[in-house]
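Here's the letter readout for the chains.
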Amino acid sequence: MILRVIRLILGAAILAAAAMVISRAVPMLSGWGGDLRQLILPIGLILGSVAGIGAYYFATFRSSSPFQAFRIILAAVAGMIGYYFLASGGVELYLLLSKGSFRAANLLTPVMHLTAVLVIFVVYYFMVLGSSSIRRALENIFAVPDLLKKLIFTLGLLCIYRIGFHIPLPGLNQTALTRFMTRTSQGPFGQAMEYFAMFTGGNLRQCTLFGLGIMPYISAAIIFQLLATVVPAIEKLQKEGQAGYRKIQEYTRYLTVFLCIIQAIVVWTSIMRPNVYPEYRGSISIFLMAVFGLTAGTIFLMWLGEQIDEYGIGNGISLIIMAGIVARLPWAIRLLINRASLKITAAEGDIGLSKIIFLVAAFIFVVAGSILITQAQRRIPIQQAKHTRGRRIYGGQRQYLPLRVNHGGVMPIIFASSLMLFPSVIFVKIAEVWRNSFTTFMARAFQRGSLIYELVYIGMIFFFAYFWTTVQFRPKDMAEQLRDYGSFIPGLRPGKRTADYLERVMERITYCGAAFLAVIAVIPEVVATRLKIPWAISAFLGGTGLLIVVAVGLDFVQRIEAELIMRNYGGFLTEGGRIRAERW
């Protein structure tokens, strides 16, 4: 009964949206002035409405399985995206050829649009039509109701996050705020805002409800993890199991609220107060709504992340950060297409052929390096002691203790990049107030791409890699657990010698992991700065943003893989045919 009501409500909403869209598209067609480019939008709106209604009907009433419904909906979405690129690219190519303009620079944009159409349909074919491992894995996912519910729940909460991402705070003059951000976009303050938005999942450029992002919660969690190493009471809570974990989570939420209030006051003072409407300037109510709105937004994001951890696929905080980065990727690709040029020595502001080749190489290097450093392990042999019970001998198996080379994941990059925001902004402000040779030198030294900035950045990556490993990895506790389970490392006595050995091994592999992480994070940004590639393109297509997306995406795939293997289904990395699914 509930499912039928949901179907009726969803169908009514789709019909109402389609009627509204068609009512706006018909006047556009009636006012057509003869330009083919004016037909792309209204025809696309009409086709999108028809495709949406058709996809809803066939997916809801005609499909025999959840995977078939997914395939129908994905076909409608891929078809509309393909229509946009095909129509825009085809019309532009026809107009250029009709005018006799055969210059490579003019043909680049339509050719890239047509290439995007080909890529979209090839990906769609291998995902849901062809006999590939990806299709088999997707069929297995849709064959497990529990896993499918977790994925839908996770995607639903991420959609809620993206909706709240665009809700502005009251009392702010968005026009004045846009002008303010445009003026400061090229300076260190504007770059700091871009960094903040990318690494926190927030949006301070428009001062939305989720402006502070998730960083206050991450900072509070790190503070309590650090305090657990020096405060015996918190360390005791950690050892109490689930009850102690809940108590620490409660304290973390309280500290998150305090940090949110402090950061919201700073944001109000530096960004919001100069850009409110004149009639609201000096209003205490607007100030309180801004502070409590930003605080409530971060608390809501914290709640979303915890719900994803508990009822979804897991790793909710990292997924929120990744969703914010992925949402900016289409804009970065569009900016690249608009500025692309086939000339080796392009004009000022354009991206020539050499820069495009570098972006492609950096994309491959970062993706391959991220996979390598994320999957790399140091396996330490573990021998189980033999136990004699009656006439039988138990144990004696030889296993391995896997130690990750990059134990901190992408967290060292996030923390180092977040802290490096402050020196560039602070030294520029100091240089504006007290201008002399020293302050000018420091302001230039801490600009992204300079030697001192990159050296400090690398040092911060190493520091946070060791810091995160120290907080997360406890060799003494691991040695005690091995001893309690009757296991030992061959050649080492259980206890202190085992703990010292594990700590020494972890220090060495963390050094290698941090060095490789620094190379992946720094080299593309340095080269992009030297080549004068816009940061909005280099960060998302060959820099730190892509590194975070790949690392979190790998973790996401591994979690799905674990769910499938636990139910004897083949995953993304498993060869073989599809296993017969259980019935819904």
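Details of the structure are given in the entry above.
To keep things clear, this report deals only with the structure shown in the data block.

1. As for the overall build of the protein chain
Looking only at helices and strands, the protein chain has 23 helices and five strands in total. The contacts of the protein chain with a sequence gap of at least 6 include a subset with a gap of at least 24, amounting to 71%. Total accessible area on the protein chain is roughly 31600 Å²; 66% of this is exposed by carbon and sulfur atoms.

2. Topic: the pattern of salt bridges
It is possible for side chains of opposite charge to pair when their charged atoms get near one another. One pass over the full model with this rule turns up six salt bridges. Among the salt bridges present, the one from Lys150 reaches Glu563, with a minimum N-O distance of 3.2 Å. With Lys150 in helix H6 (residues 145-164) and Glu563 in helix H23 (residues 544-566), this residue pair connects regions lying 413 residues apart in the sequence. In this structure, Arg559 engages Asp555 in a salt bridge whose closest nitrogen and oxygen atoms are separated by 2.8 Å. Here the residue Arg559 and the residue Asp555 both occupy positions in helix H23, the gap between them amounting to four residues, near one helical turn.

3. Things to note about the side chain of Thr498
As for its position among the elements, Thr498 is in helix H21 (residues 496-530). For Thr498, a relative accessible area of 3% puts it in the buried group. Sequence-distant contacts of Thr498, defined by excluding residues within four places in its chain, comprise Ala479, Leu482, Ile489, Leu492 and Arg493.

4. Overview of the pairing of strand S1 (residues 377-384)
Here seven bridges tie S1 to strand S4 (residues 398-404), and the two strands are oriented antiparallel to one another. Across the sheet, residue Ile380 finds its bridge partner in S4, namely Leu401. Bridging between S1 and strand S5 (residues 487-488) involves two bridges; their strand directions are antiparallel. Looking across to S5, one finds that Gln383 is bridged to Phe488.

5. Remarks on unusual backbone geometry
Its identity is not glycine, yet Asn315 carries a phi of approximately 55°, on the positive side. By the secondary structure assignment, Asn315 is in the loop between helix H12 (284-311) and helix H13 (316-326). Judged by relative accessible area, Asn315 falls into the partly exposed class, the value being 22%.

6. Remarks on the side chain of Ser88
When you line up the elements, Ser88 lands in helix H3 (residues 66-98). Within the local environment of Ser88, its side chain forms a polar contact with the backbone oxygen of Tyr84, the two atoms lying 2.7 Å apart. In this structure the side chain of Ser88 is engaged in a polar contact, spanning 3.3 Å, whose partner is the backbone oxygen of Phe85. In this structure Ser88 touches Ile40 and His113, once residues within four positions along its chain are discounted.

7. With respect to helix H9 (residues 215-227)
Counted at 1.5 Å a residue, the expected span for H9 with its 13 residues is 18 Å, and the 18 Å between its end C-alpha atoms agrees. Met215, Pro216, Tyr217, Ile218, Ala220, Ile222 and Phe224 are the residues of H9 that are buried.

8. Digging into the packing of H6 against H13
Interaxial distance between H6 and H13 falls to 10 Å at its minimum, and their mutual angle equals 55°. By the criterion of interaxial angle, the relationship of H6 to H13 is oblique. Both H6 and H13 take part in a crossing whose hand is right-handed. Residues Thr154, Leu158, Tyr161 and Arg162 of H6 form the contact with H13, whose participating residues are Leu319, Ile320, Ala323 and Gly324. Residues belonging to the contact of H6 with H13 are distributed by class as follows: five nonpolar, two polar and one charged.

9. Points about the nonpolar core
Membership of the largest hydrophobic core comes to 75 residues, with the highest contact counts inside it found for Leu147, Tyr161, Ile214, Ile218, Tyr457 and Ile461. If you look at the next biggest cluster of nonpolar residues, it comprises 18 residues, including Leu177, Trp268, Met272 and Val291.

10. What to know about the layout of surface pockets
There is about 1800 Å³ of room inside the second largest pocket. Gln225, Tyr245, Asn315, Trp468 and Gln472 are the residues nearest the centre of the second largest pocket, which is lined by 50 residues in total. The greatest single-element share of the lining of the second largest pocket, amounting to eight residues, is contributed by helix H11 (residues 242-272).

11. Some points on a nonpolar patch on the surface
A contiguous nonpolar patch, built from Leu118, Val122, Tyr125, Phe126 and Leu129 and spanning about 470 Å² of accessible area, is present on the exposed surface. Within the secondary structure, Leu118 sits in helix H4 (residues 104-129). The class of Leu118 is exposed, set by a relative accessible area of 57%.

12. As for the sheet that holds S5
Spatial strand order, S4-S1-S5: three strands in an open sheet with antiparallel pairing. A single partner strand is all that each edge strand has here, and the edge strands are S4 and S5.

Thresholds, definitions, all that
- Residues numbered from 1 in each chain as written.
- Predicted model: local features only at pLDDT ≥ 70, side-chain atom pairs only at ≥ 80, totals over all residues.
- Heavy atoms only, no water.
- Helix = DSSP H or I, 4+ residues; strand = E, 2+ residues; numbered from the N terminus.
- Contact = heavy atoms within 4.5 Å.
- Areas by Shrake-Rupley, 256 points an atom, 1.4 Å probe, with all protein chains shown as cover.
- Salt bridge = Lys/Arg side-chain N within 4 Å of Asp/Glu carboxyl O.
- Buried < 20%, exposed > 50% of the residue type's maximum accessible area, 1.4 Å probe, protein only.
- Pairing = 2+ DSSP bridges.
- Polar contact = N/O pair within 3.5 Å; in protein donor to acceptor, adjacent residues only side chain to side chain.
- Expected span 1.5 Å × (residues − 1).
- Axes fitted to C-alpha atoms, helices over the stretch in contact; angles between N-to-C directions.
- Parallel < 35°, antiparallel > 145°, perpendicular 65-115°, else oblique.
- Left-handed = near helix turned anticlockwise from the far one by under 90°.
- Nonpolar A, V, L, I, M, F, W, Y, C, P; charged D, E, K, R; others polar.
- Core = buried A, V, L, I, M, F, W, Y, C linked by side-chain atoms within 4.5 Å.
- 1 Å grid on protein atoms, 1.4 Å probe; cavity = no way out; pocket = protein on both sides within 12 Å on 5 of 7 lines; lining within 4 Å.
- Points joined across faces, edges and corners; volume = space filled by probe spheres on them.
- Patch = residues over 30% accessible without salt bridge, like charges linked within 9 Å, V, L, I, M, F, W, Y side chains within 5 Å.

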